[in-house]
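Tertiary structure, described
The primary structure of each chain is shown beneath.
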Amino acid sequence: MLRFLQPYLLYVAGAAVLAAAFGGWTARDWQCKAREAEVMRRVADEKDRMQETINAQSAAYEEAKAAAAVVSVQRTHTIREVFRDVPVDASCAPPASVDGLLLDAVEDANRTVSGSPR
């Protein structure tokens with residue numbers, strides 16, 4: 001009778017080994033999935049933290065940009081007003097030879113564009 005049970009014992013032992021291997025494999029798979037989920041959660045938290053930092057920096061930049069635009073417009077208007085209201089000193093005027101040279105150049109350019117001979 002002992003010989004009759006031996007093949008069944010091998011089958012039972014083999015099935016037990018396969019079940020244990022499959023159970024171990026399944027448990028290892030669950031552990032890996034749990035670690036992966038934890039890593040993904042940490043990555044998402046880090047991404048959210050970095051996005052908050054970027055949003056704060058972007059908001060600060062937009063505020064500074066708006067303030068700089070106001071200052072730039074004020075500066076431009078101030079410069080225009082100053083140059084419009086300040087009389088030009090006679091020493092700043094170009095010499096008469098330069099004035100004539102510029103007028104001749106403008107006339108030549110106009111003739112060239114219109115196709116008129118000189």
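This structure is a prediction, so every number in the text was calculated from the model and none was measured.

Moving on: the overall build of the protein. Looking only at helices and strands, the protein has two helices and zero strands in total. For the protein, the C-alpha radius of gyration of 44 Å lies well beyond 13 Å, the compact-globule estimate for 118 residues. Each principal axis of the C-alpha distribution contributes one length, and for the protein these read about 135 × 45 × 20 Å. On the protein, roughly 10900 Å² of surface is accessible, and the fraction owed to carbon and sulfur atoms is 65%. Positive and negative charge centroids in the protein, built from 14 and 16 side chains respectively, lie 16 Å apart.

What follows deals with helix H2 (residues 96-114). Helix length check: H2 (19 residues) gives 27 Å between terminal C-alpha atoms against 27 Å at 1.5 Å per residue, within 8%. At the C-terminal side of H2, glycine 115 shows a positive phi close to 85°.

Our next topic: the packing of aromatic side chains. In the structure shown here, the tally under the stated rule is one aromatic pair. When the centroid spacing of 6.3 Å and the interplanar angle of 80° are considered together, the rings of phenylalanine 22 and tryptophan 25 count as edge-to-face. Of the two residues, phenylalanine 22 and tryptophan 25 both sit in helix H1 (residues 2-85), three residues apart, roughly one turn of that helix. With respect to burial, phenylalanine 22 and tryptophan 25 carry one shared label: exposed.

Evaluated as defined, the whole model comprises seven salt bridges. Measuring nitrogen to oxygen at the nearest pair gives 4.0 Å for the salt bridge that ties lysine 47 to aspartate 48. Judged by relative accessible area, lysine 47 falls into the exposed class, the value being 54%. Here aspartate 48 falls in the partly exposed class, since its relative accessible area comes to 40%. Across the salt bridge formed by arginine 111 and glutamate 107, the nearest N and O atoms sit 3.7 Å from each other. Residue arginine 111 and its partner glutamate 107 are located together in helix H2, separated by four residues, close to a single helical turn. Salt bridges sharing partners connect three or more residues here, namely Glu107, Asp108 and Arg111.

Here aspartate 104 shows up in helix H2. Through-space distance from the C-alpha of aspartate 104 to that of alanine 20 is 103 Å; in sequence the pair is 84 residues apart.

Each value, and the rule that gives it
- Residues numbered from 1 in each chain as written.
- Predicted model: local features only at pLDDT ≥ 70, side-chain atom pairs only at ≥ 80, totals over all residues.
- Heavy atoms only, no water.
- Helix = DSSP H or I, 4+ residues; strand = E, 2+ residues; numbered from the N terminus.
- Rg over C-alpha atoms; globule rule 2.2 N^0.38 Å.
- Areas by Shrake-Rupley, 256 points an atom, 1.4 Å probe, with all protein chains shown as cover.
- Lys, Arg positive; Asp, Glu negative; His and termini not counted.
- Charge placed at Lys NZ, Arg CZ, Asp CG, Glu CD.
- Expected span 1.5 Å × (residues − 1).
- Phe/Tyr/Trp six-rings, centres within 6.5 Å; stacked < 30°, edge-to-face > 60°.
- Buried < 20%, exposed > 50% of the residue type's maximum accessible area, 1.4 Å probe, protein only.
- Salt bridge = Lys/Arg side-chain N within 4 Å of Asp/Glu carboxyl O.

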